[in-house]
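Residue-level structural notes
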Amino acid sequence: MKAFENFEVWFVTGAQLLYGGDAVKSVDAHSTEMVKGMNASGVLPVKVVYKGTANSSKEVTAVMKAAEADEKCIGVMTWMHTFSPAKMWIHGLQELKKPLLHLHTQYNREIPWNEIDMDFMNLNQSAHGDREFGHITARMRRPHKVVVGYWQERKTLEHIAVWQRVAAAWADAQEMLILRFGDQMNNVAVTDGDKVEAEMRLGYHVDYCPVSEMMEHFKQIGDAEVDALVETYFKEYDHDASLEDRAGEPYRKVWNAAKAELTLRSILTAKGAKGFTTNFDDLGEFDQIPGLASQRLMAEGYGFGAEGDWKSAALYRTVWFMSQGLPKGCSFLEDYTLNFDGEQSAILQSHMLEVCPLIAAQRPRLEVHFLGIGVRKSLTARLVFTSKTGAGVTATVVDMGNRFRLIVNDVECIEPKPLPKLPVASALWIPMPNFEVGAGAWILAGGTHHSCFSYDLTPEYWEDYAEIAGIEMIRIDKDTTIAGFKKELRMNEVYYMLNKALC
Ligand code: MN
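What comes next is a walk through the structure. (Residues numbered from 1 in each chain as written. Predicted model: local features only at pLDDT ≥ 70, side-chain atom pairs only at ≥ 80, totals over all residues. Heavy atoms only, no water.)

1. What about the overall build of the protein chain?
Within the protein chain, the secondary structure is distributed over 15 helices and 18 strands. Taking 23 Å as the expected radius of gyration for a compact globule of 503 residues, we find that the protein chain reaches 25 Å, a close match to that expectation. Considering only C-alpha atoms, the protein chain reaches an extent of 85 × 55 × 45 Å along its principal axes. Split into buried and exposed, the 503 residues of the protein chain put 56% on the buried side. Pairs at least 24 apart in sequence give 78% of the contacts found in the protein chain among residues at least 6 apart. About 21,900 Å² of surface is accessible on the protein chain, with carbon and sulfur atoms providing 53% of the total. (Helix = DSSP H or I, 4+ residues; strand = E, 2+ residues; numbered from the N terminus. Rg over C-alpha atoms; globule rule 2.2 N^0.38 Å. Buried < 20%, exposed > 50% of the residue type's maximum accessible area, 1.4 Å probe, protein only. Contact = heavy atoms within 4.5 Å. Areas by Shrake-Rupley, 256 points an atom, 1.4 Å probe, with all protein chains shown as cover.)

2. Some points on the packing of helix α8 (residues 211-220) against helix α10 (residues 249-271)
Angle between the axes and distance between the axes are the two parameters that describe a pair of packed helices. Axis separation between α8 and α10 bottoms out at 9 Å; the angle between their running directions is 115°. Taken together, the axes of α8 and α10 are roughly perpendicular relative to one another. Judged by the sense of rotation from one axis to the other, the crossing of α8 with α10 is right-handed. Mapping the contact onto sequence places E213, M214, H217 and F218 in α8 and K259, T263, L264, S266, I267, A270 and K271 in α10. For the contact of α8 with α10, a count of residues per class yields five nonpolar, three polar and three charged. (Axes fitted to C-alpha atoms, helices over the stretch in contact; angles between N-to-C directions. Parallel < 35°, antiparallel > 145°, perpendicular 65-115°, else oblique. Left-handed = near helix turned anticlockwise from the far one by under 90°. Nonpolar A, V, L, I, M, F, W, Y, C, P; charged D, E, K, R; others polar.)

3. Observations regarding the pairing of strand β2 (residues 47-54)
Most of β2 sits inside the fold, with six of its eight residues counted as buried. Of the strand pairs in this sheet, strand β1 (residues 8-14) and β2 are connected by six bridges, and their pairing is parallel. The residue bridging W10 from the neighbouring strand is V49, located in β2. Taken together, β1, helix α1 (residues 21-40) and β2 form a β-α-β motif whose crossover is right-handed. (Pairing = 2+ DSSP bridges. Right-handed = clockwise from strand over helix to strand, strands pointing away.)

4. Examining the coordination of the manganese ion
Reference values for angles at a metal are 109.5 degrees in the four-donor tetrahedral case and 90 or 180 degrees in the six-donor octahedral case. Within the first shell, the manganese ion binds the protein through E307 (OE), E334 (OE), H351 (NE2) and H450 (NE2), at distances of 2.0 to 2.2 Å. For the manganese ion, the donor residues sit on a single chain with the sequence spacing E-x26-E-x16-H-x98-H. Of this pair, E307 sits in the loop between β9 (303-305) and α12 (310-322) while H351 sits in the loop between β11 (346-350) and β12 (365-371), placing them 44 residues apart in sequence. Note on accessibility: E307 and H351 belong to one class, buried. (Donors = N, O, S within 2.8 Å, 3.2 Å for Na, K, Ca; no water.)

5. Digging into empty space enclosed by the protein
This model, assessed by the stated rule, comprises three cavities of 30 Å³ or more. In this structure, the largest cavity encloses a volume near 60 Å³. In terms of lining, the largest cavity is formed by A173, L202, Y204, K311, A314, L315, T318, V397 and Y465. The leading source of residues in the lining of the largest cavity is α12, at four residues. Its residues placed into classes, the lining of the largest cavity shows seven nonpolar, one polar and one charged. In terms of lining, the second largest cavity is formed by F181, M214, T278, N279, D282, L283, F286 and P290. (1 Å grid on protein atoms, 1.4 Å probe; cavity = no way out; pocket = protein on both sides within 12 Å on 5 of 7 lines; lining within 4 Å. Points joined across faces, edges and corners; volume = space filled by probe spheres on them.)

6. Things to note about the pattern of salt bridges
Think of it this way: side chains of opposite charge can pair up when their charged atoms draw near. According to the stated counting rule, one finds 25 salt bridges in the structure shown. In this structure, the salt-bridge partner of D172 is K274, at a minimum N-O distance of 2.8 Å. With D172 in helix α6 (residues 154-174) and K274 in the loop between α10 and β8 (275-277), the pair connects residues that are 102 residues apart, well separated along the chain. Here D172 and K274 have matching classes, each one buried. A salt bridge links D172 to R317; its shortest N-O distance comes to 2.8 Å. (Salt bridge = Lys/Arg side-chain N within 4 Å of Asp/Glu carboxyl O.)

7. Quick notes on α10
Since one α-helical turn is 3.6 residues long, residues separated by three or four positions face the same way. Spanning 23 residues, α10 covers 33 Å between terminal C-alpha atoms, matching the ideal 33 Å at 1.5 Å per step. A positive backbone phi angle near 65° is found at G272, which sits one or two residues after α10. (Expected span 1.5 Å × (residues − 1).)

8. Focus: the layout of surface pockets
Put simply, the second largest pocket is a space of about 260 Å³. Lining the second largest pocket are 13 residues; nearest its centre among them are N339, E415, P416, K417 and L428. If you tally residues by element for the lining of the second largest pocket, the top one is strand β10 (residues 330-339), at three residues. Looking at side-chain class alone, the lining of the second largest pocket contains seven nonpolar, three polar and three charged residues.

9. Section: the environment of Y204
Looking at where Y204 falls in the secondary structure, it is placed in the loop between α7 (195-202) and β7 (205-209). For Y204, the contacting residues outside a window of four places in its chain are A173, M176, I178, A198, E199, W310, K311 and A314.

10. Some words on the sheet that holds β1
Taken together, five strands build an open sheet; the order of strands is β2-β1-β3-β4-β5 and the sheet is parallel. The open sheet has two free edges, formed respectively by β2 and β5 (145-148), since each of these has just one partner strand. Pairwise comparison of adjacent strand axes, ignoring direction, gives a mean angle of 25° for this sheet. Bridge count for strand β4 (residues 100-104) against β5 is four bridges, and the pairing is parallel.

11. Overview of the side chain of N409
For N409, the location among the structural elements is in strand β15 (residues 404-413). In this structure the side chain of N409 is engaged in a polar contact, spanning 3.2 Å, whose partner is the backbone oxygen of M432. Once you skip the residues sitting within four places of it in the chain, N409 turns out to touch G392, V393, T394, P431, M432, G438, W442 and I476. (Polar contact = N/O pair within 3.5 Å; in protein donor to acceptor, adjacent residues only side chain to side chain.)

12. A short note on the pairing of strand β13 (residues 378-384)
Among the seven residues in β13, six count as buried, and that is most of the element. With seven bridges connecting them, β12 and β13 associate as antiparallel partners. Residue pairing in the sheet places R365 in a bridge with V384 of β13. Connecting the antiparallel pair β12 and β13 is a turn made up of six residues, with G374 showing a positive phi of about 85°.

Here is the structure:
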């Protein structure tokens, strides 16, 4: 897959020299065949590179140091073909900060009942070799993912694929700049947080960028460039023919929206930023909130958070990065308004403008309507659509003061009704296990009104992400009860208090 072609995952096989050089040669041959097979499966988005057997502390340390230093390498997979005394992994694991996956598998699928002898036993020892390795990762409290299953089975490979996508997004986040055009919306608590801790813990860097600096880019945008982008809009999106009337006010608004998009692109490119936030009270010379630009930039993978929400901007970029090439799409969304309807009670998800068209069920419609919020109360261009239906997962990160908490909720997008007087893009979902418990648990956990939604990611992605980041994750799903959830919140409070004290 093109999106991940610059990345590699290293595969290191654990063995030892107790059974002689011939055993190690067989281990090496088996590992080569397995890595080749995994790469040929078509299931893994990131290429696996076999880095040989590690038979001593010195060899383990050397390969882990090399993995840590290699720019393409986004993580390491380990597998113990024979028994691999785990003290020899201590120094190497201390060197490796990148994501770690421990694969518990075996070269042969079944026991060769009639041929098996002691030589075979000595060679094929992952049943206990992987437990020895598991002990040292547990003993060292080394965050990692364990995947258990036969290496040729699709299910096994799919667990590895999830981790690869998360590891790739993690690597992306370690070199991520989020630009804030304007500050947080005044007085809002949940979208704020500790940007120093975010960089230490989650990797990304957040900078303030004066809107006046953005306006320097605005001045450089040529009319011909804007004209061309407006033509692209008209080709890509359904719209009223009247919108193309060059003498009309709506046309001028679309034109100005296109200029805002080119301005944002220009400054994001110049600064090497992967995401941004806006503030509707801080718009420089923009004549409207640049909502259409935000929608289109999100679809291309730029992180976006409204009202200065930099945590959502970074998280959206990560969601988009992980889900590249997957079919159904993702978006920044906001809990908009409630629909009480018994078991079908649901939350309308939208934003005043900024919803990503990747989740659209139909071709988006370019429309211009009055928007009476912020410093410019103005006719404003936007893409209007409703989302696809089906299951998805939404996520947010909140700052609890002593830690970041990742909240993940399984949701079911259902068919919305038309909104003739609310021309915004939207989704309508039932949070699992139902509205009462789902919304109740989210509120108890202190979750935001903004979240990053995806149809394609499953909670397993978020488990892997939280494991790599070393942050709290709480999941609200079909099995959640309020009583159990409150207990988990209380237990986590103690766990993270102690964890902090121990660090
Ligand atoms: Mn908002």
